[in-house]
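Coordinates in review
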Amino acid sequence: MSREPRRSPVASDWIRRARDVMPGGVSSPVRAFRSVGMEPLFAARGEGARIFNEAGRGYLDYVLSWGPLILGHAAPPVVEAVARAARDGMSFGACHAREVELAERVAAWVPGVEMVRFVNSGTEATMSAVRLARAATGRDLILKFEGCYHGHADPFLVVAGSGVATLSLPDSPGVPAVTSGLTLAVPYNDLEAVDTVFAEHGSRLGAVIVEPVAGNAGLIPPREGFLEGLRERCDRAGTLLIFDEVMTGFRVARGGAQERYGVGADLVTLGKVLGAGLPVAAYAGRADLMRRVAPEGSVYQAGTLSGNPLGMAAGIAQLDELERTDPFADLERRAATLVDGILAVASARGLPACGTAAGSMWGVFFTEGPVFDFEGARRADPEFFARYYRACFERGVFFAPSAFEAGFLSTAHTDADIARTLEVVGEALDEAQDESWDARPEGAG
Ligand code: KE4
């Protein structure tokens, strides 16, 4: 379905106008392309595996709205379901069938989930899950992992990944020390450090929250025994284990990381794929925990647009299409082909690189491997990445504009798309080795 690109001011005019009325010209920091020293992409539309700018130029898209678009842009089943739902009304502020139908699907797909509460963002999901865990245990301390990102709620902006790492921000101003002081952080994959925390604070530890596959420091998979080790330690101390599956849910396996690694969490947070591009997220888990949430229990959490009928329709359509087509094995194969191809292209040029795929999430670091934690991820040269990134973008491949993000793949990406991407990566690596080339164009914000 090709349409004439809409006539509009060139991107630089949009960027100027955006920066006049929005901080950094963006609605979310990592979209600003700052760490790669470029003017940001201004998207006009998406179609399948491609995103198009205002001038109508298409880019092979491996960001996919930071994960939600597992079927690609404007997937017909999703678009048709949302259009149908919209004709019945945009929001009810009342119970409706579609939220029940999506909650039933989540309970059927995600191991250990008996009850679900919908919210509007991953941040809401994680902050609510932590509040629930603190209420259920009567304990205030939480443990997170360096480089993991659980959204921008105060408790999580401690050595966070994603945009916080991308912009090399200190732990965010505005978060009171009394709050961040309740959050402990240790290196990802480091069970010895976890043991130290439990030894010193175990009786006060309400929750351990972890990305079961870390996707906000590049992609860092759990080492053998890491997730199992967290489960054992939480059980021994009476601490709740929260899997933040906002990114991994419905992507690293049909049932997410719990299914992929065979480790059960007490609570899981979900988002991204769950909403198919609309603002839908959820926290979920055992009934004995979830029944503590108001109005059944006293843990308060609420939301004007939670369970929004359009978001529910999008989520149902996307999950039903995944159910019908079961693309998970094929997606993992393609993601592995992409990663292996990038590593081969780097190796052929004598460049250090390591990386892997987990389902249709993937990541490559241009540094000697393996990378097990955030410190390892930060060994890669950011200026090299910025030169490489710009060269890929100029050749029509849109990766996440940060070394501290995971890549994604959709069912719309073809083998030919991946082959083309590998050609581009080779040319970009050649160009990026020319250190004389300035990665920061004039006027980059
Ligand atoms: P949101 O509040 O952005 O919907 O979700 C927060 C969140 C929670 N947990 C995990 C594991 C996440 O990856 C995220 C958000 N992911 C980032 C990208 N890595 C969102 C992109 C952005 O901030 O613009």
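Residues numbered from 1 in each chain as written. Predicted model: local features only at pLDDT ≥ 70, side-chain atom pairs only at ≥ 80, totals over all residues. Heavy atoms only, no water.

1. Re the site of the ligand
The cut-off we apply is this: Consider each residue's heavy atoms; a residue with any of them within 4 Å of a molecule or strand counts as near. Under this definition, polar contacts are N or O atom pairs within 3.5 Å; protein pairs additionally need one hydrogen-donor-capable and one acceptor-capable atom, and for neighbouring residues in sequence, both atoms have to be side-chain atoms. All accessible areas in this document rest on Shrake-Rupley with a 1.4 Å probe, and a residue is counted as covered only by the protein chains that are shown. For this classification, Asp, Glu, Lys and Arg are treated as charged, while Ala, Val, Leu, Ile, Met, Phe, Trp, Tyr, Cys and Pro are nonpolar and the rest, including Gly, are polar. The domain limits used here are those given by an automatic or database domain assignment.
Looking at the ligand, there are 17 residues lining it, with Ser 28, Thr 123, Asn 216, Asp 244 and Glu 405 nearest. Between an oxygen atom of the ligand and a main-chain N or O atom of Gly 122, the distance comes to 2.9 Å. A distance of 2.6 Å separates an oxygen atom of the ligand from a polar side-chain atom of Thr 123. In isolation the ligand offers 540 Å² of accessible surface; the protein chains occlude 86% of this area. Among the residues making up the shell around the ligand, the classes are represented as five nonpolar, eight polar and four charged. Counting contributing residues, the shell around the ligand receives three or more from each of domain 1 (12-62 + 327-432) and domain 2 (76-324).

2. Description of the pattern of salt bridges
What counts, and what does not: Counted as salt bridges are all cases of a side-chain nitrogen of Lys or Arg within 4 Å of a carboxyl oxygen of Asp or Glu. Comment: elements are numbered from the N terminus, with helices defined as DSSP H or I runs of at least four residues and strands as E runs of at least two. Burial classes follow relative accessibility: with a 1.4 Å probe on protein chains only, a residue under 20% of its type's maximum area counts as buried, one over 50% as exposed, and anything between as partly exposed.
Counted by the stated rule, this structure contains 25 salt bridges. Between Asp 266 and Arg 286 there is a salt bridge, and its shortest N-O distance comes to 2.8 Å. With Asp 266 in the loop between helix H9 (256-261) and strand E9 (267-270) and Arg 286 in the loop between strand E10 (281-285) and helix H10 (287-290), the pair connects residues that are 20 residues apart, well separated along the chain. Taking relative accessible area as the criterion, Arg 286 reaches 30% and is therefore assigned partly exposed. Through salt bridges with shared partners, one network takes in Arg 231, Asp 235, Asp 266, Arg 286 and Asp 288.

3. Structural notes on the side chain of Thr 421
Here is the rule we go by: Every residue pair with non-hydrogen atoms within 4.5 Å of one another is taken to be in contact.
Note that Thr 421 resides in helix H15 (residues 415-432). Sequence-distant contacts of Thr 421, defined by excluding residues within four places in its chain, comprise Leu 60, Tyr 62, Leu 338, Val 397 and Phe 399.

4. Focus on unusual backbone geometry
Cis geometry marks the peptide bond from Ala 294 to Pro 295, where omega comes out at 10 degrees. One can find Pro 295 in the loop between H10 and helix H11 (309-325). With a phi close to 60 degrees, Ser 65 is a non-glycine residue in the positive phi region. Relative to the elements of secondary structure, Ser 65 occurs in the loop between strand E3 (58-61) and helix H2 (76-87). Despite not being glycine, Trp 66 has its phi angle at roughly 70 degrees, a positive value.

5. Re the environment of Ile 209
Relative to the assigned elements, Ile 209 resides in strand E7 (residues 205-210). Through-space distance from the C-alpha of Ile 209 to that of Leu 351 is 35 Å; in sequence the pair is 142 residues apart. Setting aside anything within four residues of it in sequence, one finds Ile 209 in contact with Thr 126, Val 130, Leu 143, Lys 144, Phe 145, His 150, Phe 156, Ile 242 and Asp 244.

6. Overview of the packing of helix H3 (residues 97-109) against H11
Test applied: Structural elements are reduced to axes, namely lines fitted to C-alpha atoms, with helices fitted over the stretch in contact, and the angle between N-to-C directions of any two is expressed from 0 to 180 degrees. Comment on the angle field: the value is read as roughly parallel under 35 degrees, roughly antiparallel over 145, roughly perpendicular from 65 to 115, and oblique elsewhere. Crossings are sorted by hand: turned counterclockwise from the far helix by less than a right angle, the near helix makes the crossing left-handed, and turned clockwise it makes it right-handed.
The geometry of H3 relative to H11 is characterised by a closest axis approach of 9 Å and an angle of 40 degrees between their N-to-C directions. On the basis of the axis angle, H3 is oblique to H11. H11 is crossed by H3, and the crossing has left-handed handedness. Contact residues: H3 offers Arg 98, Glu 99, Glu 101, Leu 102, Arg 105 and Trp 109, while H11 offers Pro 309, Met 312, Ala 313, Gly 315, Ile 316, Leu 319, Asp 320, Leu 322 and Glu 323.

7. Considering the nonpolar core
Let me state the cut-off plainly: Each nonpolar core is a collection of buried residues, namely Ala, Val, Leu, Ile, Met, Phe, Trp, Tyr and Cys, held together in the definition by side-chain atoms within 4.5 Å.
With 68 residues, the main nonpolar core has Phe 118, Leu 143, Phe 145, Val 208, Leu 230, Phe 250 and Leu 274 as its most contacted residues. Each of domain 1 (12-62 + 327-432) and domain 2 (76-324) contributes no fewer than three residues to this core. Counting residues in each nonpolar core, the second largest holds 43 residues, with Leu 41, Val 364, Phe 385 and Ala 432 among its members.

8. Quick notes on the packing of aromatic side chains
Stated formally: Aromatic contacts are taken between Phe, Tyr and Trp rings whose centres are within 6.5 Å, Trp giving its six-membered ring; a plane angle under 30 degrees counts as stacked, one over 60 as edge-to-face, and the others as tilted. Placement of a charge over a ring requires the Lys NZ or Arg CZ to be within 6 Å of the ring centre, with the centre-to-atom vector within 35 degrees of the ring normal.
Overall, the coordinates contain 20 aromatic pairs when judged by the stated rule. Residues Phe 33 and Phe 393 carry aromatic rings whose centres are separated by 5.7 Å and whose planes lie at 80 degrees to one another, so their mutual orientation is edge-to-face. Of this pair, Phe 33 sits in the loop between helix H1 (11-21) and strand E1 (43-47) while Phe 393 sits in helix H14 (residues 382-394), and the two are 360 residues apart along the sequence. The buried category is assigned to Phe 393, whose relative accessible area is 9%. Every member of this aromatic cluster is reached through a ring pair, and the members are Phe 33, Tyr 59, Tyr 62, Trp 362, Phe 366, Phe 384, Phe 385, Tyr 388, Tyr 389, Phe 393, Phe 398 and Phe 399. Cation over ring: Arg 223 sits above Phe 372, and NZ or CZ is 3.5 Å from the ring centre. It is Arg 254 that lies over the ring of Trp 109; its NZ or CZ is 4.1 Å from the centre.

9. Here's the deal with the sheet that holds E3
Formally: Only strands joined by at least two bridges in the DSSP assignment are considered to pair.
Read across the open sheet, the four strands follow the order E1-E2-E3-E13; overall the sheet is mixed. Two strands in the sheet have a free side with no partner beyond their single neighbour: E1 and strand E13 (397-398). Note: E3 against E13, two bridges, orientation parallel. Residue pairing across strands places Asp 61 opposite Phe 398, the latter belonging to E13. Strands strand E2 (50-53), E3 and E13 of the sheet are contacted by H15, whose axis makes an angle of about 100 degrees with E3.

10. Section: helix H7 (residues 191-201)
The test is simple: Directions drawn from the helix axis to the C-beta atoms are what define this arc.
Every buried residue of H7 is listed here: Leu 191, Ala 193, Val 194, Val 197 and Phe 198. Around the axis of H7, the buried residues are gathered within 155 degrees of arc, so they sit on the same side. Exposed residues pointing more than 90 degrees away from the buried face of H7 are listed as Glu 192, Ala 199 and Glu 200. The inward-facing, buried residues of H7 abut strand E5 (141-145), strand E6 (183-186), E7 and helix H8 (226-237). In this structure Asp 190 caps H7, since a side-chain oxygen of it lies 3.1 Å from the backbone nitrogen of Glu 192.

11. Focus: the side chain of Ser 410
Among the secondary structure elements, Ser 410 is positioned in the loop between strand E14 (407-408) and H15. Looking at Ser 410, its side chain comes within polar contact range of the main-chain nitrogen of Ala 412, at 2.9 Å. Polar side-chain contacts of Ser 410 include one of 2.9 Å to the side chain of His 413. Not counting residues within four places of it along the chain, the set of residues in contact with Ser 410 comprises Leu 64, Leu 69, Ile 70, Leu 71, Gly 72 and Leu 331.

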